[in-house]
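# Residue-level structure breakdown
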Amino acid sequence: MNNSKIWLSSPHMGGDEQKYVQEAFDTNWVAPLGPNVNGFEQDLEKYLDQTTHVAALSSGTGALHLGLILLGVKAGDEVICQSMTFSASANPIMYLGATPVFIDSELETWNMCPIALEEAIIDSISKGNKPKAIIAVHLYGMPYQIDAIDAISNKYQIPILEDSAEALGSSYKGQKCGTFGEIGVLSFNGNKIITTSGGGALVAKDEKIKERAVFLATQARDNAPHYQHSEVGYNYRMSNICAGIGRGQMQVLDKHVGLRREMHQLYVDTFASIEGVTVLTEPNPDYFSNHWLSAIIINPEKTNGKTREDLRLVLEKANIESRPLWKPMHLQPVFESYPYYGTQVSEQLFENGLCLPSGSNLTEEEKKRIIAEIQLFF
Ligand SMILES: *Cc1c(COP(=O)(O)O)cnc(C)c1O
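Residues numbered from 1 in each chain as written. Predicted model: local features only at pLDDT ≥ 70, side-chain atom pairs only at ≥ 80, totals over all residues. Heavy atoms only, no water.

An unreviewed UniProt entry lists the protein under the name GDP-perosamine synthase, from Flavobacterium swingsii. Database annotation for the protein, UniProt heading Sequence similarities (unreviewed entry): "Belongs to the DegT/DnrJ/EryC1 family." Of the protein, the UniProt comment under Pathway (unreviewed entry) reads exactly: "Bacterial outer membrane biogenesis; LPS O-antigen biosynthesis." (UniProt positions renumbered as here; feature names shortened; annotations may be inferred.)

Laid out in structure tokens, this is it:
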């Protein structure tokens, strides 16, 4: 039997990517600007919501950094951040010399807990340091509790920086993820639902915010014949080559969302008859996840002591990649001295959770291999 490596999530080209890249070469637009950059931005605006304004950037991390700057975050400010996430959500807070305040997850979507969020805000305000922004994340493509988090954001007038890096193609009540926050962020890293080999985007409601993002992302050049600067700039624009890959990928985005959702359904069906395993699934029909990664929780009390680590090692032996959930930021050595509000939900999820192979390019044979290993294990 073929034993080649099965990845958690790997790039999946649609076919037209090289055509756009070739066009960039043919017209010598080999630069961090050009027709593919504009085209990719328009494709994203059309996909998300025609009223949005998208700036294509070199990474999701860069987009988060600019997002915080555009929301006015400065050294010494407090910024609230979901604890259970990839470190890229939190690192830009540190770039600015601001202080992260980490918030636990709730069990429904595994994202930011509204109760712990409000507790943190009240505490910060009582100490005279009202947080400047809330970084909320749609983990593994699952929308966070948008109505509850929005209500708190409105009540205390603190803007949301929506980390939608994992959730392009997800939606809540029919509205696309990436369009909920004051500013939204997307990522096109190699393992995301679509890729530009590396890249990101900032999604703004206001065209002026987009223009300001592009200005800062291209070294903050003032309007002058020479190089004139009155502000600190960044080199965060997307290249026209990468954007060409992105244009090809946009043509297959919905198809890839469909395939990831099918893979998720296969896991739901497989685990339906296995005691003690929960698959992360939409809590109700308002939620639509792209199921970027399918993730499970194993309760060893109900599986005769079998743990997620046991399963991970069995899969690894079969050359199948799986990975524990994101380790919460408040448990990371680099962030452990910062404030944290919660009741250990994210700790429990981290201890018992596992992400399973979820790529849109898994073959039928690979799917059979994965399911067979899982069934054998349980
Ligand atoms: C991937 C990711 C990012 C960062 O995006 P890059 O394009 O890799 O810089 C940020 N937040 C989350 C939740 C991510 O998964």
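### Quick notes on the sheet that holds strand β6 (residues 171-172)
The 3 strands lie next to each other as β7-β6-β11, forming an open sheet whose pairing is antiparallel. Looking at which strands have only one partner, the edges of the open sheet turn out to be β7 (175-176) and β11 (287-288). By the bridge criterion, 2 bridges tie β6 to β11 in an arrangement that is antiparallel. Bridged to Ser 171 within β11 is Phe 288. (Pairing = 2+ DSSP bridges. Helix = DSSP H or I, 4+ residues; strand = E, 2+ residues; numbered from the N terminus.)

### Observations concerning the UniProt feature "active site" (unreviewed entry) in the protein
When the UniProt feature table is mapped onto this chain numbering, "active site" (unreviewed entry) sits at Lys 192. As for its position among the elements, Lys 192 is in the loop between β8 (183-187) and β9 (200-204). For Lys 192, a relative accessible area of 10% gives the class buried. Setting aside its immediate chain neighbours within four residues, Lys 192 contacts Ala 165, Glu 166, Ser 187, Arg 260 and Trp 292. In this structure the side chain of Lys 192 is engaged in a polar contact, spanning 3.4 Å, whose partner is the side chain of Ser 187. (Buried < 20%, exposed > 50% of the residue type's maximum accessible area, 1.4 Å probe, protein only. Contact = heavy atoms within 4.5 Å. Polar contact = N/O pair within 3.5 Å; in protein donor to acceptor, adjacent residues only side chain to side chain.)

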